[in-house]
Amino acid sequence: MTMPILRTVKDLRAQIAAWRATGETIGLVPTMGALHEGHLSLVTLAKVRASRAVATLFVNPTQFGPNEDLSRYPRDEAGDAAKLAGAGCDALFAPGVDEVYPPGFSTTICVSGVSEPLDGAARPGHFAGVATVVAKLLIAAAPDIAVFGEKDYQQLQVIKRLVIDLALPVEIIAGPTRRAEDGLALSSRNAYLSEAERTAAPALHRALQAIAQTVMNGGQIEAAEAAAIHTLKSAGFGLIDYVEVRQAETLARLGPGPSDEPARVLAAAFLGRTRLIDNIAV
Ligand code: AMP
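Residues numbered from 1 in each chain as written. Predicted model: local features only at pLDDT ≥ 70, side-chain atom pairs only at ≥ 80, totals over all residues. Heavy atoms only, no water.

Turning next to the sheet that holds strand S7 (residues 240–247). Within the open sheet, the three strands sit side by side as S7-S8-S9. Their pairing is antiparallel. Where the open sheet ends on each side, the last strands, each with one partner, are S7 and strand S9 (274–281). Neighbour-to-neighbour, the strand axes of this sheet turn through a mean angle of 10°, independent of strand direction. Examined bridge by bridge, S7 and strand S8 (residues 263–271) share seven bridges and lie antiparallel to one another. Bridge pairing in S8 places arginine 246 opposite arginine 264. (Pairing = 2+ DSSP bridges. Helix = DSSP H or I, 4+ residues; strand = E, 2+ residues; numbered from the N terminus. Axes fitted to C-alpha atoms, helices over the stretch in contact; angles between N-to-C directions.)

Right, dumping it as structure tokens:
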């Protein structure tokens, strides 16, 4: 059977209701398209945990800043649909902008705290856009589970907080970051990189590994962060938004001295015009 592509919340709900009527469970995989193996691994995960996987494809304008890449964000719906069908996805919800944001749209969901540092500071309004669209998708599809990648680690923590705070009846599942052989995290934005930038890009993952190693050896965190920034500059990175070790759930700064708290190293930095993000567990 060909995978249905649904354009309206009404059609999405009708498809899901038909599956629910026969006792099936639903896993949702939100994406902005330009799909790669990382996205498809989330579909595979959804199919392990639910009998039907529904992917969404929506390049959400409200999570892009005025000087960001909304207009040049890579788009290939037909290619994405073929990849999803090949990965065993059961339906694609690909609404137009007016379906998600009807005329007069006035509601914004802001998750304070975890949304504020790191990408929240570097990209004002970004996580309000993310939280609002994800809340809409979760309410529209009412899935049993929804799968998000650890690649966007702060986004994952924001969504977990959103679901707890609004008591949304969905389990959030985290998918591990898929990487190229040289360590670069797969990303739709990697398509922007020139050949030379692509060669330099794995330095980001290596810098995170070096910091994690220092933290695990009980070394000085600030010195490790500073060394990583120096390494990235030498590797050809331009503006570095942050390279930081944070508490793994709240993303608050770690207290001074040794601690047993789970930690995460997160970074965002530009290679030319392309902003790369990555993170790893400590
Ligand atoms: P995006 O299309 O970039 O909004 O990403 C859609 C989903 O795929 C998000 O939950 C991302 O965290 C996830 N994702 C993106 N890149 C990867 C990757 N390399 N490995 C695993 N998940 C990813």
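Looking now at the site of the ligand. Around the ligand, 17 residues are found, and the nearest of them are Met32, Gly149, Asp152, Arg178 and Leu186. Between an oxygen atom of the ligand and a main-chain N or O atom of glycine 149, the distance comes to 2.8 Å. Here a nitrogen atom of the ligand and a backbone polar atom of leucine 186 are 2.9 Å apart. Within the complex, the protein chains bury 93% of what would otherwise be the 480 Å² of accessible surface of the ligand. Contributions of two or more residues to the shell around the ligand are made by strand S2 (26–31), helix H2 (37–49) and strand S5 (145–149). Here the element with the most residues in the shell around the ligand is H2; it accounts for three residues. Considering only residue class, the shell around the ligand consists of seven nonpolar, seven polar and three charged. (Near = heavy atom within 4 Å. Polar contact = N/O pair within 3.5 Å; in protein donor to acceptor, adjacent residues only side chain to side chain. Areas by Shrake-Rupley, 256 points an atom, 1.4 Å probe, with all protein chains shown as cover. Nonpolar A, V, L, I, M, F, W, Y, C, P; charged D, E, K, R; others polar.)

Time to look at unusual backbone geometry. Within the chain, alanine 142 stands out as a residue other than glycine whose phi angle is a positive 45°. Inspection of the secondary structure puts alanine 142 in the loop between helix H6 (126–141) and S5. In this structure alanine 142 comes out as partly exposed when scored by relative accessible area, which is 44%. Residue alanine 167 is not a glycine yet carries a positive backbone phi of 50°. Along the polypeptide, alanine 167 turns up in the loop between helix H7 (153–165) and strand S6 (171–175). Take alanine 167: its relative accessible area is 61%, and that puts it in the exposed class. (Buried < 20%, exposed > 50% of the residue type's maximum accessible area, 1.4 Å probe, protein only.)

Strands sit in the order S1-S4-S3-S2-S5-S6 across an open sheet of six strands; the sheet is parallel. A strand with exactly one partner marks an edge of an open sheet, and here the two such strands are strand S1 (5–6) and S6. Bridge analysis of S2 against strand S3 (residues 52–57) gives six bridges, and the strand direction is parallel. Among the inter-strand pairings, leucine 28 is bridged to a residue of S3, identified as valine 54. Sitting on the sheet, helix H3 (residues 77–86) is in contact with S1, S3 and strand S4 (91–93), with an inclination near 165° to S3. (Contact = heavy atoms within 4.5 Å.)

Bringing the nonpolar core into the picture now. With 42 residues, the main nonpolar core has Leu12, Val134, Leu138 and Ile172 as its most contacted residues. Elements supplying a minimum of two residues to this core: helix H1 (9–21), S2, S4, H6, S5, H7 and S8. Considering each element in turn, this core owes the most residues, ten residues, to H6. With near-sequence residues (within four places) excluded, leucine 12 lies in contact with Leu6, Val54, Phe93, Ala140 and Ala141. Among the nonpolar cores identified, the runner-up in size contains 25 residues, and Leu208, Val215, Ile240 and Ala269 belong to it. (Core = buried A, V, L, I, M, F, W, Y, C linked by side-chain atoms within 4.5 Å.)

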